[in-house]
Amino acid sequence: MSDQIIKPDLKFTEAIIAAGGESLKKCYQCSTCTVVCDVTPDRKPFPRKEMLYAQWGLKDKLLASPDVWLCHQCSDCTAHCPRGAKPGEVLGAVRKMTIQEYSSPSCMGKMVNDAKFAILLFAIPTIIFLFELFIQGHLTNGIPRIPNGQLMSYSLMFPPTAYIDPVFVLTAIFAVVMFYKGVKKYWAAMAANHPEPPRKDVISAVIATIQEILTHSVFEKCGVAKDRSIAHKIVFYSFVGLAITTALAASYIYVFNYNGPYPQTNIVKWIGNVSGIALLVGITMVILNRFKNQEKSGIGSYFDWFFIFIVYGVGLTGMLAQILRLANIPVLGYPMYFAHLVFVFVLFAYAPYSKMAHMVYRTTAMVFAKYSNRS
Ligand code: SF4
Ligand code: SF4
């Protein structure tokens with residue numbers, strides 16, 4: 001039998017506790033959590049072993065693990081733990097630290113997850129869009145001048161091709177490049193930590209993962225907090241709908257040279273409105289579930305709530321901006337649209353560092369788990 005060198009990092013254990021895994025030390029390794037978890041693989045199941053790794057500060061094992069992302073934090077394990085430990089929360093804290101570990105630049109990971117920097121993060125897009133108003137001559141004494149005397153249209157405030165699209169195209173490129181860098185490091189760490197030969201090709205692993213995400217088939221196995229999978233599915237599909245809306249709107253602008261406003265009968269409006277309402281309904285359900293299940297799965301950390309706040313902000317300002325435009329109240333509608341742009345910027349520009357990144361890291365871990373025959 002070969003000797004294994006264990007490198008405990010007690011600072012890492014303290015960091016998990018600070019990140020929301022405060023129940024970690026209660027665990028006495030009975031394995032009840034692993035037995036009740038319906039989503040863990042049979043071979044080397046979780047979350048008991050992760051609780052041990054976390055207690056011992058085995059940072060390399062946890063941060064290079066696909067398993068921490070296979071957990072959907074349904075809280076079945078927490079509900080049955082005889083010691084009142086919360087393995088789902090501990091894994092949630094490790095997931096947050098995984099995003100911080102692999103994101104670059106790393107200072108951004110720290111800023112997005114520290115309430116002290118929240119004002120600065122919002123100030124950046126606010127200054128960008130105020131500057132755009134300034135160079136168009138829409139600022140008078142620091143207040144956006146409302147275009148008047150014609151049908152209200154937000155493209156009068158920010159012509160899309162000249163002002164909106166360059167900002168968001170650059171934001172998207174930044175997010176994609178940062179995600180690519182982070183995921184590349186994470187995949188390399190998982191491959192080094194799981195040297196067993198893979199048994200699937202990556203393409204079939206990707207296809208199986210996409211099927212699993214679209215159906216939420218694994219998430220639905222969770223028992224105690226079943227509502228979470230319903231709320232998550234609504235939010236997920238509302239994002240899909242909003243992405244389709246954006247693609248259709250872009251084709252109207254760049255193919256048909258039409259900048260809106262769209263009549264309510266237009267397909268862009270239909271998909272956008274249904275998706276926007278679904279987003280608000282889904283994220284409200286997420287919030288209610290968190291309060292309802294706080295005894296079992298915890299209320300969540302700043303990391304969770306920052307993301308919820310941003311998603312709510314995007315949905316609410318988007319719907320209100322439309323209502324105010326239809327009601328023709330420019331004095332409220334234009335500032336609301338401005339706020340909407342700021343929220344959308346915050347959602348996408350900081351996505352590689354916020355909880356939004358879980359979409360990318362979880363997908364990567366799911367692909368790796370299938371590729372390496374882990375699940
Ligand atoms: S059920 Fe609780 S005490 Fe038992 S191994 Fe899991 S976390 Fe530890
Ligand atoms: S929270 Fe749910 S999915 Fe995660 S380890 Fe516990 S039982 Fe399994």
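Residues numbered from 1 in each chain as written. Chains lettered and ligands numbered in written order. Predicted model: local features only at pLDDT ≥ 70, side-chain atom pairs only at ≥ 80, totals over all residues. Heavy atoms only, no water.

Further remarks concern the packing of helix H9 (residues 118-135) against helix H16 (residues 302-326). Between two packed helices, both the angle of their axes relative to each other and the distance between the axes serve to describe the pair. In contact at an axis separation of 13 Å, H9 and H16 are set at 30° when each is read in the N-to-C sense. Put simply, H9 runs roughly parallel to H16. Considering only the axes of H9 and H16, their crossing is right-handed. Residues Ala118, Leu121 and Phe122 of H9 pack against Tyr302, Phe306, Phe309 and Ile310 of H16. The residue inventory of the contact of H9 with H16, partitioned by class, reads seven nonpolar, no polar and no charged. (Axes fitted to C-alpha atoms, helices over the stretch in contact; angles between N-to-C directions. Helix = DSSP H or I, 4+ residues; strand = E, 2+ residues; numbered from the N terminus. Parallel < 35°, antiparallel > 145°, perpendicular 65-115°, else oblique. Left-handed = near helix turned anticlockwise from the far one by under 90°. Contact = heavy atoms within 4.5 Å. Nonpolar A, V, L, I, M, F, W, Y, C, P; charged D, E, K, R; others polar.)

Here the focus is unusual backbone geometry. Along the chain, phenylalanine 46 connects to proline 47 via a cis peptide bond; the corresponding omega equals 10°. Between serine 104 and proline 105 the backbone carries a cis peptide bond, its omega angle lying at -5°. With respect to the secondary-structure elements, proline 105 resides in the loop between helix H7 (87-102) and helix H8 (106-112). The phi dihedral of histidine 216 is positive, around 55°, even though this residue is not glycine. With respect to the element layout, histidine 216 can be found in the loop between helix H12 (202-215) and helix H13 (226-254). With a relative accessible area of 5%, histidine 216 lands in the buried category. (Buried < 20%, exposed > 50% of the residue type's maximum accessible area, 1.4 Å probe, protein only.)

Let's shift gears to the site of ligand 2. Contacts to ligand 2 come from Cys37, Val39, Phe46, Pro47, Cys71, His72, Gln73, Cys74, Ser75, Asp76, Cys77 and Gly88. Along the lines of polarity and charge, the residues of the shell around ligand 2 split into seven nonpolar, four polar and one charged. (Near = heavy atom within 4 Å.)

Right, let's get into H7. The first and last C-alpha atoms of H7 sit 23 Å apart over 16 residues, in line with the 22 Å expected at 1.5 Å per residue. Along H7, 14 of the 16 residues are buried, which leaves the element largely enclosed by surrounding structure. (Expected span 1.5 Å × (residues − 1).)

This part takes up the domain arrangement of the chain. Each assigned domain of the chain is listed here: domain 1 (10-102) and domain 2 (106-371). The distance between the C-alpha centroids of domain 1 and domain 2 comes to 28 Å. Listed per partner, the contact involves 29 residues of domain 1 and 35 residues of domain 2. With both chains or domains summed, domain 1 and domain 2 bury close to 2,700 Å², and 62% of this area falls on carbon and sulfur atoms. Applying the counting rule to domain 1 against domain 2 returns zero salt bridges. For the pair domain 1 and domain 2, the interface holds seven residue pairs in polar contact (both at pLDDT 80 or more). (Domains from an automatic or database assignment. Buried area = accessible area lost by both parts, 1.4 Å probe. Salt bridge = Lys/Arg side-chain N within 4 Å of Asp/Glu carboxyl O. Polar contact = N/O pair within 3.5 Å; in protein donor to acceptor, adjacent residues only side chain to side chain.)

On to the layout of surface pockets. Each pocket or cavity is described by its volume, and for the largest pocket that value is around 1,700 Å³. Secondary structure elements with two or more residues in the lining of the largest pocket: helix H10 (154-157), helix H11 (160-193), H13, helix H14 (267-292), H16 and helix H17 (330-349). In terms of residue count, the dominant contributor to the lining of the largest pocket is H13 (10 residues). When its residues are assigned to classes, the lining of the largest pocket shows 29 nonpolar, 14 polar and three charged. Forming the walls of the second largest pocket are 46 residues, and the residues nearest its centre are Arg228, His232, Lys355, His358 and Arg362. Those elements that place two or more of their residues in the lining of the second largest pocket are H7, H12, H13, H14, H16 and helix H18 (358-371). Residues of the lining of the second largest pocket, tallied by class, amount to 22 nonpolar, 15 polar and nine charged. In this structure, the lining of the second largest pocket is formed jointly by two domains, domain 1 (10-102) and domain 2 (106-371), each of which donates at least three residues. (1 Å grid on protein atoms, 1.4 Å probe; cavity = no way out; pocket = protein on both sides within 12 Å on 5 of 7 lines; lining within 4 Å. Points joined across faces, edges and corners; volume = space filled by probe spheres on them.)

A word on the nonpolar core. Across soluble globular proteins, you tend to see nonpolar side chains buried next to one another. Counting 89 residues, the largest nonpolar core has Ile16, Phe129 and Phe158 as the members making the most contacts within it. A domain split of this core shows at least three residues from each of domain 1 (10-102) and domain 2 (106-371). Contact partners of phenylalanine 158, with chain neighbours within four places excluded, come to Phe129, Glu132, Leu133, Gln136, Tyr163, Ile164, Tyr337, Phe338 and Leu341. (Core = buried A, V, L, I, M, F, W, Y, C linked by side-chain atoms within 4.5 Å.)

This brings us to the side chain of glutamate 212. Mapped onto the fold, glutamate 212 is located in helix H12. A relative accessible area of 15% places glutamate 212 in the buried class. Excluding residues that lie within four positions of it along the chain, glutamate 212 makes contacts with Ser217, Val218, Met366 and Lys370.

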